[in-house]
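# Results of the structural survey
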Amino acid sequence: MLIQDVITQLEQKYPLSWQEDFDNSGIQCGDARQELTGIVVCFDPSTSVVKEAIKQGANLVISHHPVLIQGIKKIIPGSLSGNTLCAALSSGVVLYAMHTNMDSAPNGGNDLFAQKIGLTRCSVLSPQENRYRKLVFFVHADYAAPLKNALFDMGCGMLGAYDHCSYSMTGEGCFRPSSEANPFVGEKLQETRVNEEKIEMIFPAVIQRKVVETLFKYHPYEEPAFDLVPLLNTDRHVGLGRVGYLPAPMPEDKFLSMLKDKLNINQLRYTCGAKDMISKVALCGGGGASLLKAALSENADAYITGDLKYHDFLDATHRMLVVDMGHFESEHFIREIIIQEIKNMNLPVSCQIAKTEEMKIKYI
């Protein structure tokens with residue numbers, strides 16, 4: 001099996017189109033056309049993880065954080081990213097990141113976060129927007145089915161847990177081929193009327209080029225008539241953060257103790273909320289300061305995340321309990337999801353979480 005085969009399977013469940021605009025999930029460096037020899041999973045890519053992969057005979061490192069997320073002009077030793085990339089490139093190890101596409105995914109990092117603290121009735125805190133287009137096209141009724149199936153295979157017609165979604169109307173199409181035309185039906189210079197279907201289906205905006213190519217490839221007409229319509233719809237199944245409910249309300253101090261116990265951490269930063277009892281909880285693994293207002297707008301009793309600044313706490317004081325449990329502490333368990341996805345593939349190679357990786361920030 002090639003490394004690319006593993007990546008393809010992962011991206012079917014965690015598409016790169018789900019990542020945030022600032023992100024750089026996917027292959028960071030290396031040749032994915034190699035035969036897979038083993039996999040090491042980590043939170044942050046580093047030279048120590050690459051060396052561990054080499055020692056284990058593995059040539060694929062899958063991390064949560066990308067090593068390349070900001071502009072880089074040189075790949076030379078001397079920085080964390082430079083050292084890591086040089087080590088990987090010189091040893092033939094492929095680096096692959098599953099970052100905000102996994103954070104946003106159904107059953108991804110934020111859903112696991114919610115499960116670990118026992119939230120129920122969860123929904124997406126910040127659903128993705130403007131990620132879809134609608135394709136509207138017209139085709140001879142006798143040729144509608146195979147064209148629809150080709151477009152479904154390309155990725156059109158997905159709505160949450162449903163696929164092959166479309167809407168059709170029948171009507172009469174009218175056209176007159178010119179003398180230079182090569183009409184599929186009708187005669188040159190003669191007005192032609194045929195029984196047609198008008199078909200509508202949505203698709204992720206990132207595959208628009210492939211969708212149009214598929215339409216031209218499988219449409220019987222010389223000049224297919226179609227529309228591409230931008231959509232403002234949100235995807236309520238995909239996006240950052242989650243909001244849900246505790247099985248039973250609990251006092252603020254008990255809630256904080258529960259977080260420390262269930263997530264196995266020793267310290268929390270927090271500011272007092274507005275209610276004595278906590279019931280509705282919002283969360284975002286990693287650095288979630290940007291979703292603070294979303295949590296407030298949801299009237300959450302508490303918001304849990306990492307990387308909050310002093311003024312973030314001030315903005316929420318006595319309005320909502322805000323907890324900063326740390327970036328690493330709030331999402332390192334994403335490695336569990338990646339490992340399980342790999343195990344589900346039943347690969348004939350070893351796959352393990354990096355043993356050399358540890359929390360870099362210390363507390364006294």
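Structural data are supplied above this passage.
Before going further, it helps to examine the overall build of the chain. Of regular secondary structure, the chain possesses 11 helices and 15 strands. Relative to its 364 residues, the chain shows a buried fraction of 48%. Sequence separation of 24 or more characterises 72% of the internal contacts of the chain that already satisfy a separation of 6 or more. Counting every atom, the chain has about 18,800 Å² of accessible surface; 50% of that belongs to carbon and sulfur. Of the charged side chains in the chain, 35 are positive and 43 negative, and the gap between their average positions amounts to 5 Å.

At N130, a position not held by glycine, the phi torsion is positive, near 55°. Within the element layout of this structure, N130 appears in the loop between β5 (120–129) and β6 (132–140). N130 gets classed as partly exposed once you look at its relative accessible area, which sits at 43%. Even without glycine at this site, H318 takes up a positive phi of about 65°. Within the secondary structure, H318 sits in the loop between α10 (310–316) and β14 (321–324).

Let's shift gears to the packing of helix α2 (residues 47–56) against helix α3 (residues 80–91). Contact pair α2 / α3: the axes reach a minimum separation of 8 Å and the direction vectors enclose 20°. It follows that α2 is roughly parallel to α3 by the angle criterion. Taken as a pair, α2 and α3 cross one another with a handedness that is left-handed. On the side of α2, the interface is formed by T47, V50 and I54, while α3 contributes N83, T84, A87, A88 and S91.

Residues I39 and V41 point to one face of strand β2 (residues 39–42) and V40 and C42 to the other, with burial holding for every one of them. Here β2 pairs with strand β3 (residues 60–63) via four bridges, running parallel. When the sheet's bridge partners are listed, V41 is paired in β3 with I62. Between the parallel pair β2 and β3, the chain is carried across by α2, and the sense of this crossover is right-handed.

All right, on to the packing of aromatic side chains then. Aromatic rings in a pair are described by how distant their centres are and how their planes are angled relative to each other. Tallying each qualifying case throughout the model produces six aromatic pairs. Between F113 and F333 the ring centres are 5.6 Å apart and the planes differ by 55°, which places this aromatic pair in the tilted class. Pair noted here: F113 is in helix α5 (residues 109–116) and F333 is in the loop between β14 and α11 (334–344), with a separation of 220 residues, a long-range link. Each of the two residues, F113 as well as F333, counts as buried. By the ring-pair criterion, three or more aromatic residues cluster together here, those being Y143, F175, F184 and Y221. The side chain of R121 reaches across the aromatic face of Y245, ending 4.2 Å from its centre.

Checked against the element boundaries, N110 lands in helix α5. Of the residues examined, N110 reaches a relative accessible area of 1% and is grouped as buried. Within the structure, the side chain of N110 is placed 2.8 Å from the backbone nitrogen of G285, a separation counted as a polar contact. Not counting residues within four places of it along the chain, the set of residues in contact with N110 comprises D103, L240, G241, R242, L283, C284 and G285.

Further remarks concern the environment of D111. The residue D111 is located in helix α5 in this model. As for D111 and L283, which are separated by 172 residues in sequence, their C-alpha atoms are 9.6 Å apart. What D111 contacts, discounting residues up to four positions off in sequence, is A105, P106 and R242.

Further remarks concern the pattern of salt bridges. Charged atoms that come close allow side chains of opposite charge to pair. Taken as a whole and assessed by the stated rule, the structure comprises 14 salt bridges. Salt-bridge contacts for E336 lead to K116; the nearest nitrogen and oxygen are separated by 3.5 Å. Here K116 lies in helix α5 and E336 lies in helix α11, a separation of 220 residues in the sequence. Overall, the relative accessible area of 27% leaves K116 in the partly exposed class. Each member of the salt-bridge network shares a partner with another, and the members are K134, K198 and E200.

Let us look at the nonpolar core. I117, F255 and I304 are the most contacted members of the largest nonpolar core, which totals 47 residues. Discounting residues that sit within four places of it in the chain, I117 has contacts with L246, M258, L259, K262, L263, V281, L283 and I304.

Another aspect to go through is the sheet that holds strand β13 (residues 302–306). Note on sheets: strands pair through backbone hydrogen bonds, and any given pair is parallel or antiparallel. Sheet architecture is open: six strands sit in the order β5-β10-β12-β13-β14-β11, paired in mixed fashion. Since the sheet does not close on itself, it has two edges, and those belong to β5 and β11 (269–271), each with one partner. The sheet shows a mean angle of 25° between the axes of neighbouring strands, taken without regard to direction. Inspection of the sheet shows strand β12 (residues 277–287) paired to β13 by four bridges, in the parallel sense.

Spatially, β7-β8-β6-β9 is the arrangement adopted by the four strands of the open sheet, whose pairing is antiparallel. Two strands in the sheet have a free side with no partner beyond their single neighbour: β7 (167–175) and β9 (225–230). Across the sheet, the axes of successive neighbouring strands diverge by a mean angle of 25°, strand direction being ignored. Note that β6 and strand β8 (residues 192–204) share nine bridges and pair antiparallel. Residue pairing for β8: F138 is matched across the bridge by K198. In this fold helix α6 (residues 144–154) packs onto β6, β7 and β8, with an angle of close to 160° to the strand it touches most, β6. Sheet strands touched by helix α7 (residues 208–218): β6, β8 and β9. Its angle to β9, the strand with the most contacts, is close to 165°.

The rules we used
- Along each chain, residue indices are assigned from 1 in the same order as the chain's sequence is written.
- Per-residue local features are limited, in this predicted model, to residues with pLDDT of at least 70; the limit for side-chain atom pairs, both in listing and counting, is 80 or more; totals at the level of whole chains, interfaces and linings are taken over all residues.
- With hydrogens and water stripped out, all remaining heavy atoms of the structure feed into the side-chain values.
- Under the DSSP-based scheme used, a helix requires at least four consecutive residues in state H or I and a strand at least two consecutive residues in state E, with every element numbered from the N terminus.
- A simple rule labels every residue: compare its accessible area, found with a 1.4 Å probe on the protein chains alone, to the largest value its type can have, and call it buried under 20%, exposed over 50%, or partly exposed in between.
- Note on contacts: a residue pair is in contact if any heavy atoms of the two residues lie within 4.5 Å.
- The method behind every accessible area is Shrake-Rupley, applied with a 1.4 Å probe, and residues are considered shielded solely by the protein chains displayed.
- Residues scored as charged are limited to Lys and Arg (positive) and Asp and Glu (negative), so that His and the chain ends carry no count.
- By convention, charge coordinates are those of NZ in Lys, CZ in Arg, CG in Asp, or CD in Glu.
- Lines fitted to the C-alpha atoms define the axes, with helices restricted to the stretch that makes contact. Angles between their N-to-C directions range from 0 to 180 degrees.
- When describing relative orientation, an angle under 35 degrees is termed roughly parallel and one over 145 degrees roughly antiparallel, while 65 to 115 degrees is termed roughly perpendicular and anything else oblique.
- Crossings are classed by handedness, with left-handed meaning an anticlockwise turn of the near helix from the far one by less than a right angle and right-handed meaning a clockwise turn.
- At least two bridges found by DSSP between two strands is the condition for calling them paired.
- Here, the term right-handed applies to a crossover whose path from the first strand over the helix to the second runs clockwise when the strands point away from the viewer.
- In this scheme Phe, Tyr and Trp rings, the latter by its six-membered ring, pair at centre separations within 6.5 Å, and the angle between planes marks the pair as stacked below 30 degrees, edge-to-face above 60, and tilted otherwise.
- Each ring is checked for a lysine NZ or an arginine CZ that lies within 6 Å of its centre and within 35 degrees of its normal; such an atom marks a charge sitting over the ring.
- We call two N or O atoms a polar contact when they sit within 3.5 Å, provided that within protein one can donate a hydrogen and the other can accept it, with sequence-adjacent residues counted only if both atoms are side-chain atoms.
- Any Lys or Arg side-chain nitrogen found within 4 Å of a carboxyl oxygen on Asp or Glu counts as a salt bridge.
- Note on terminology: a nonpolar core comprises buried Ala, Val, Leu, Ile, Met, Phe, Trp, Tyr and Cys residues joined through side-chain atoms within 4.5 Å.

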